[in-house]
Structures are given as structure tokens and as C-alpha cells.
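# Residue-level structural notes
Chain by chain, the residues:
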Amino acid sequence: MYHYPVEERALLQRRVDQFRGQVSRYLDGKLDEDEFKQLRLRNGLYVQRHAPMLRVAIPYGVLSSTQLRTLADIATKWDRGFGHMTTRQNIQYNWIPLEDTPDVMQALADVDMHAIQTSGNCIRNITTDPLAGASRDELEDPRPWCELIRQWANFHPEFNWLPRKFKIAVSGASHDRAAVEVHDIGLRIKHNAKGDTVFDVYVGGGLGRTPHIGKQIAHALPADDLLSYLEAILRVYNRHGRRDNMYKARIKILVNALGLATFQEQVDAAWQQTRQQVPTTDHATVADLKAQFAVTLPARDAVPLDALQAETGDAFTSWYKQNTQAHKSPGYRSVFISLKHPGQPAGDITSAQMQLVADLSDQFSQGELRATHDQNLVLAHVAEADLPALWTALGPAKLAYANINTLTDMIVCPGLDFCSLANASSIAIWDQINATFDNIDYLHDLGRITVRVSGCMNACGHHHVADIGVLGVEKKGVEWYQLTLGGRSTEGARIGKRLGPAIAKDRVAATVEDILAVFAEQREPDESFNAFVERNGVTPFKERVYEAAA
Amino acid sequence: MKLLRNGEIVDMPWRLQGADEPATAPIAVPQMQLVQSETPPPSNPAWVALVEPEDDPVELPASALERDAILIDFPSFTDGRGYSHARTLRHELGYRGELVAVGDVRRDQLEFMRLVGIDSYQCEADADVDDLNAALTELRPDA
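Definitions and cut-offs
Residues numbered from 1 in each chain as written. Chains lettered and ligands numbered in written order. Predicted model: local features only at pLDDT ≥ 70, side-chain atom pairs only at ≥ 80, totals over all residues. Helix = DSSP H or I, 4+ residues; strand = E, 2+ residues; numbered from the N terminus. Rg over C-alpha atoms; globule rule 2.2 N^0.38 Å. Buried ≥ 20, exposed ≤ 12 C-beta atoms within 10 Å, placed from the backbone. Contact = placed C-beta atoms within 7 Å. pLDDT = per-residue confidence, 0-100. Nonpolar A, V, L, I, M, F, W, Y, C, P; charged D, E, K, R; others polar. Pairing = 2+ DSSP bridges. Axes fitted to C-alpha atoms, helices over the stretch in contact; angles between N-to-C directions. Domains from an automatic or database assignment. Core = buried A, V, L, I, M, F, W, Y, C linked by C-beta atoms within 7 Å. Parallel < 35°, antiparallel > 145°, perpendicular 65-115°, else oblique. Left-handed = near helix turned anticlockwise from the far one by under 90°.

### Section: the overall build of chain B
- Secondary structure summary: chain B contains five helices and seven strands in total.
- Going residue by residue from the N terminus, the α and β elements of chain B occur as β-β-β-α-β-α-β-α-β-α-β-α.
- A globule of 143 residues ought to have a C-alpha radius of gyration of about 15 Å, and chain B, at 15 Å, matches this closely.
- Each principal axis of the C-alpha distribution contributes one length, and for chain B these read about 45 × 35 × 25 Å.
- By residue count, 38% of the 143 residues in chain B fall in the buried class.
- A separation of at least 24 residues holds for 48% of the contacts in chain B among residues at least 6 apart in sequence.

Below is the structure:
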């Protein structure tokens, strides 16, 4: 597993010392509120309804068991015994007192972790495929490139005060599990005819108030030029992105205002400069990173499901089918751990669960695990023969719920219950849908359906790119929910279409039931929900939903 | 108005618009004015260019690049355009003179300003000079 080199560790320590100084100057009244706000944001610290919220970076979603134990210890010692996984593959805490945050940073730095640029108008955590290095459809492990970009982006002196936040995602497989087309910059790794690594570059994607699908700005960008090209895009954005209106400040607005061709010309002009200034990719560094990210798995015999089933039973089979995926190495599978158990808020994980998962990753998956952008965890390299033992250990901790990629594997933002921006509760909708759809067999029959809930138009729940998106709005002090259908974040990403007028709070799950009834009645055999909406639009659903309400 | 320059706090050597520097100090002329006027300002009194966020330093008249200093304005500490202007001046235009950050320049931003090629920084008269100097190398002392 990759560990930061000694220079990166020294940098992290200097960052902890710097942050400690900033907090102490603030508490002494030597740093004003506005300035401290901007400084603390660049270290993941928000002020929320109850206390500061601290967002800790999990670069490209990869954690060691040691790091997860530290996250568990932080939750126990400084928080209320749990953390919340985010859609940028990070973790956040909601109850850490401000004066303790420097000590938390120190505890993180001791295991090569930090909160650098997890908020603020700067380059955020680089996200990627949670099955990196394990999936069968992977062309190249994206993590070495993510780490190269992370080192470039962290404390980039020119780009720490951008017009708005900036998100980059990288995918190295034929199936895009990193949602690259809805990022400020999305990178897809390809190999050219000579077998060299190149990148297709997408720009200007994003969700929020004005969702946009990214546009391809470069085709087969040579790996040598990766950082100089990113630097050129960021320079154009830093200079020309709007700063007069925070809701129009993301790069998507600039790209759309200029048009792709003009934006591209400006980037190319800037690139002529940045190429002189940013060193080309150092292939020795990349080779070294690749070697460190690669795992050597001991040879294990392939064990078919039938054989495993014999020692377990139906519940195991359903978990195996729903929560595990084929691995590139025979004899292994990747295991998703659902953090969407109905009894617990979506994406939350307790200290005890973290400790258990850390132990299980040591025992069964090379001491390494992943956070996914849909708020679950992955043990990427589990031998098939070990699956029953792993399943047995996960079950009592409510970590073997077999709902991955089903309706109840929802992305749910913190919403009105925790977030000061929200207009409506998200957790109430999570509870309502779970109460209505509690038959796991029915969920499996429906197949892959994504439901995502955002408590306001900032869209942290990514509702625009869900099969069924739920957006909380407030009208005259009452919570209402707008539904969108047919969105998608994988390759060929699409923004969902609005169903119609907003739905009353107590009718959301019932409306989802109506929608699914239409789908069940009218779908072609094996047709996915997404394909159904693409074929039919929202009309058939509209008729049912608003007729029922009338 | 003061300036952190070569590790020391000194008087601001240029007259910024509306500021109270002596009339003999060289004036800082906004890039906009330099570009719009047909002839650059006469060299007596001496002058330097002031690059503002909306400006493109590539359009500075050649005479501005011959002066000993160029000022970069940071009207608000959250406006990061000046960092790109500094990079452009150093790398694209090859400017070797003194680059000076003026405006809303704060202690915790000095290091990033240094790293993009800025040499001197506006500061408060009562600032702690040792603390400002330490701020310049908090994260990347070797860069």
C-alpha cells in the first residue's frame, strides 16, 4: 500500500503547526472572523447548526486499517462516537469543539491524514473509482495519477483562492464509477495505439443549482502534459471565472458563457505558458507510485457460489449477489459494505463499526479499504473462500445489509437536521422510504435504481444524476419535495427530468411507490429504470402520480 | 502605509491612489490608465504600474516592464487573480524586477504570494516583523 514519502509527512506536520497557530490567534482575538473563516475552511472546518463540522480528507477514497482505527478513535475521543461518509469519499464529524481541532489534526497527521482543502474555494479531494486496482474492466489503476494530482493541487499557491470550489475525478476503467462527467474536471484514462497512457479531459460538469454535463475539452492528452494542462485550465478559470455572484462562479458557468471552443482557445493559449513552467510528468515517480499502489495477492482457489452457499444459506446468497463484485484476480471478489442500514442514518458509521471493518480488512483484504462516493465502504480484495467468514462477522454489526445498488442504497445529504444551508429534511425522507420499502426481495427484483436526496438546491445529495432524485424545497415554511427522473452519473451522464409540481413531505415514499408501479407494469423484460425513462420520458409517471394526488 | 521588503518593515515607497505618501514618491498608475492613455506617464515624477484583478498583464505597455517594480492589487484577500498575474509576469513576460502585493494582504497569504514570485508585501505599521517573516516559509521552507 502507498504511504506518503518523508517530504509529504514533513509538509503535513508543518500544516498542523500552522493550523494550531491560526486557531490560537483566532481564540486570542488576533484573527478576525472573516479571515479565520476562510482559513479554517481550507482545513475542512465549517460552523454548522450544532458545532463546527470537520471534514477529513480520504484522498481518492483509499484508507489503511490503521487510518480507519484513527478515524474511529477520533470519533470516540472528540465526537459522539460516529462519523459520516461524504460524496467526495471523505469523512466528516459533526461535534468536535473548535479548540480541540488542532489536536485532531495532529492525530490525523500521525497516520498520514489531514483535512487539506476539503472545503473552501480551492481544489478539493480528488475522487476516483472505489474498485481501483481490483475491477475486471480496468485499463489502468487511476490512484497513482490521483496522487500525482493531489500533490500538485494541495497548497497550490496560485489556485488557493479560486472563484469557487473545484472538483476533479479520475476514472481508469471502461465503466465510469467516478462520475467524471459531472465534475469541474473529469479525466478518463485511455491507452493510445502505442500503449501509452493518455487522458480524455472533460470540463465544466457539475450539479448544484445549475447542473451541467461536462464537455470534452481534450482527447488523448499525453500523460507528460497532464499537470501543465490542468494548470492551464485552472489559470483560465482563476482569471476569468465570475466572482460577483457565488451561484454563477463555478467553471461550468464560464465554459457555458464562453462556449467550449472559445474556452478551449483560452486554455490552449495558457497552456503554451504553463508547459514552459510546469515540469512534464516524471515517469520514474509514476512508476514508483504504481509499484506502491499495486497489491500482490496470494494465489487462492476460485470457489463458486454453489460451494459457498452450502455452508451458509439464502441470506448469504443474496448478499453475495448484491454486495460483491467480480475481481480481476481469479479466486477473489470485491465486497461492498453498505452503510445504508435502515436503523442508522445513511452514510453514518460508528466507532465500533470502524474498528470492526479495520480488523476485517486486516484479516481479509490486505489491510486496506475504500470509501465510495455513494457513501459505502469497499474491501477490494477478498478471497472467495473467506466470504462466508467475512459475511458472518459483518452481519451482527449491521454491515451486511444486501442493498447495494438498490433503491434504499440512497445518497442522502445531512439536510435540515444538521446543515445550515438546507431547506428541508433529507433524513426524514430516508426514514420514510426505508419504512415503505422494507422487503429486500422486492428491492432485488426492481434491480439497479438509484435514489438520491438533497435538502436544498446546492444538491449535495447529487439528486440530479439519480434515477429518482428528491430535492427538498421550502414554501411558506413548509417542506416540499421535487422529484426528477432518469438522471445518470456514469458514462453518458444525464440530468434527471422534472416529474412535475413538488410533492408533500408525507407523500414522497408513496409517490416513489407509484413511480415503481408504472415501471413494473410497463417495462420491457430486463429493461433498467434508467433505460425506461430514456425511452418513455416522464409522462407515464406524471399521469399516475398527479392523478393519484388529485 | 508600510511594506515588508527584504525581511524588514519599511515605508511604502510608492504613492497609491488616495494614500498619504509624500508627493515626491513615485506614483502607482493603474494598468487601465496606462493602456488607455496614448503616452505613458513621464518619468518625472517616477511611476510604476499597478495591475488590478480585471487586468491582463500581457497588455501592459513595454515601458511598465522596464520599471524597477510592478504592483499587484489584491482588493480583497479572497480574490486570487493576482496570483495568476504574478505567475504571468514572471513566466510569460519574464519580468525580473520587484513584484509587490498591495491591498488586502494578510499574514497567512504571504507564503503563497512568495511562491508565485512576489517579493514585497503591504503590511500594517504595527505588524510583528518576525512573525511576518516566519509566515513566508511556514509550509514550504525549501521552495
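### Side note on the confidence of the model for chain B
- Confidence in the prediction of chain B, expressed as mean pLDDT, is 92, and 96% of residues score 70 or more.
- Among the scores for the predicted complex, ipTM is 0.96 and pTM is 0.96.

### Some details on the interface of chain B and chain A
- Taken together, the contacts link 17 residues of chain B with 21 residues of chain A.
- Within the residue set of the side of chain B that touches chain A, elements represented by two or more residues are helix H3 (81-92) and helix H4 (110-115) of chain B.
- It is H3(B) that provides the largest number of residues to the side of chain B that touches chain A, a total of six residues.
- Broken down by class, the residue content of the side of chain B that touches chain A amounts to six nonpolar, four polar and seven charged.

### Quick look at the sheet that holds strand S3 (residues 27-30) of chain B
All names here are of chain B.
- The mixed open sheet is built from seven strands, whose spatial order is S2-S1-S7-S6-S5-S4-S3. Looking at strand neighbours, the two that pair on one side only are strand S2 (8-11) and S3, the edges of this open sheet. The mean angle between the axes of side-by-side strands here comes to 30°, regardless of whether they run parallel or antiparallel.
- Sheet analysis places strand S1 (residues 2-5) next to S2, joined by four bridges and oriented antiparallel. For Leu4, the partnering residue across the bridge sits in S2 and is Ile9.
- Each of strand S4 (47-51), strand S5 (69-74) and strand S6 (98-103) is contacted by H3, which is oriented at about 160° to S5, the strand it contacts most.

### Some thoughts on the domain arrangement of chain A
Residues and elements named next belong to chain A.
- With domains assigned, chain A is organised as domain 1 (6-109), domain 2 (134-289), domain 3 (305-397) and domain 4 (411-549).
- The distance between the C-alpha centroids of domain 2 and domain 3 comes to 33 Å.
- Across the contact, five residues belong to domain 2 and seven residues belong to domain 3.

### Observations regarding the sheet that holds strand S12 (residues 332-337) of chain A
Residue and element names in this part refer to chain A.
- With antiparallel pairing, five strands are arranged side by side in an open sheet as S3-S14-S15-S12-S11. A strand with exactly one partner marks an edge of an open sheet, and here the two such strands are strand S3 (62-64) and strand S11 (324-326). Along the sheet, successive strands turn relative to each other by an average axial angle of 30°, direction set aside.
- One ladder, built from three bridges, connects S3 with strand S14 (residues 368-371); its direction is antiparallel. Along S14, the bridge assignment pairs Ser64 with Glu368.
- Sheet strands touched by helix H3 (residues 65-77): S3 and S14. Its angle to S3, the strand with the most contacts, is close to 85°.

### Notes on the nonpolar core
- Core analysis: the biggest nonpolar cluster contains 195 residues, and Ile233(A), Ala49(B), Ile70(B), Leu71(B) and Ile72(B) have the highest contact counts within it.
- Here this core takes nine residues from helix H6 (residues 226-240) of chain A, the largest share from any one element.
- In this structure Ala49(B) touches Val29(B), Gln31(B), Leu34(B), Leu60(B), Ala64(B), Arg67(B), Ile70(B) and Leu71(B), once residues within four positions along its chain are discounted.

### Focus on unusual backbone geometry
Residue and element names in this part refer to chain A.
- For Gln117, which is not glycine, the phi torsion reads 55° and is therefore positive.
- Within the secondary structure, Gln117 is located in the loop between helix H4 (101-109) and strand S6 (127-128).
- Under the C-beta neighbour-count criterion, Gln117 is labelled buried, with 25 such atoms within 10 Å.
- Residue Gln375 is not a glycine yet carries a positive backbone phi of 70°.
- Mapped onto the secondary structure, Gln375 falls in the loop between S14 and strand S15 (377-383).
- Its 24 C-beta neighbours within 10 Å are what place Gln375 among the buried residues.

### A look at the packing of helix H14 (residues 427-436) of chain A against helix H16 (residues 508-522) of chain A
Residues and elements named next belong to chain A.
- Relative orientation of the contacting elements H14 and H16 amounts to 50°, with a least axis distance of 8 Å. Here H16 runs oblique to H14, going by the angle between their axes. Pair H14 / H16 crosses with right-handed handedness. Across the interface between the two elements, Ile429, Gln432, Ile433 and Thr436 from H14 touch Val508, Ala509, Val512 and Glu513 from H16.

### Describing the packing of helix H5 (residues 143-153) of chain A against helix H9 (residues 283-293) of chain A
All names here are of chain A.
- It is the contact of H5 with H9, at a shortest axis distance of 9 Å, that shows an interaxial angle of 125°. Between H5 and H9, the angle is such that the two are oblique. Considering how the two elements wind past one another, H5 and H9 form a crossing that is right-handed. Of the residues in H9, those in contact with Arg143, Pro144, Glu147 and Leu148 of H5 are Val286, Leu289, Lys290 and Phe293.
- Of the residues in the contact of H5 with H9, the class split is five nonpolar, no polar and three charged.

### Focus on the pairing of strand S4 (residues 82-85) of chain A
Residues and elements named next belong to chain A.
- In S4, alternate side chains face the same way, and those of Phe82 and His84 on one face and Gly83 and Met85 on the other are all buried.
- Where S4 meets strand S13 (residues 348-350), three bridges bridge the pair, whose relative direction is antiparallel. Each residue of the ladder has a partner; that of His84, found in S13, is Asp348.
- Both S4 and strand S5 (residues 91-93) contribute to a ladder of two bridges, which runs antiparallel. If you follow Met85 over to S5, its bridge partner there is Ile91.
- The antiparallel hairpin formed by S4 and S5 contains five residues in its connecting segment, where Gln89 sits at a positive phi of about 65°.

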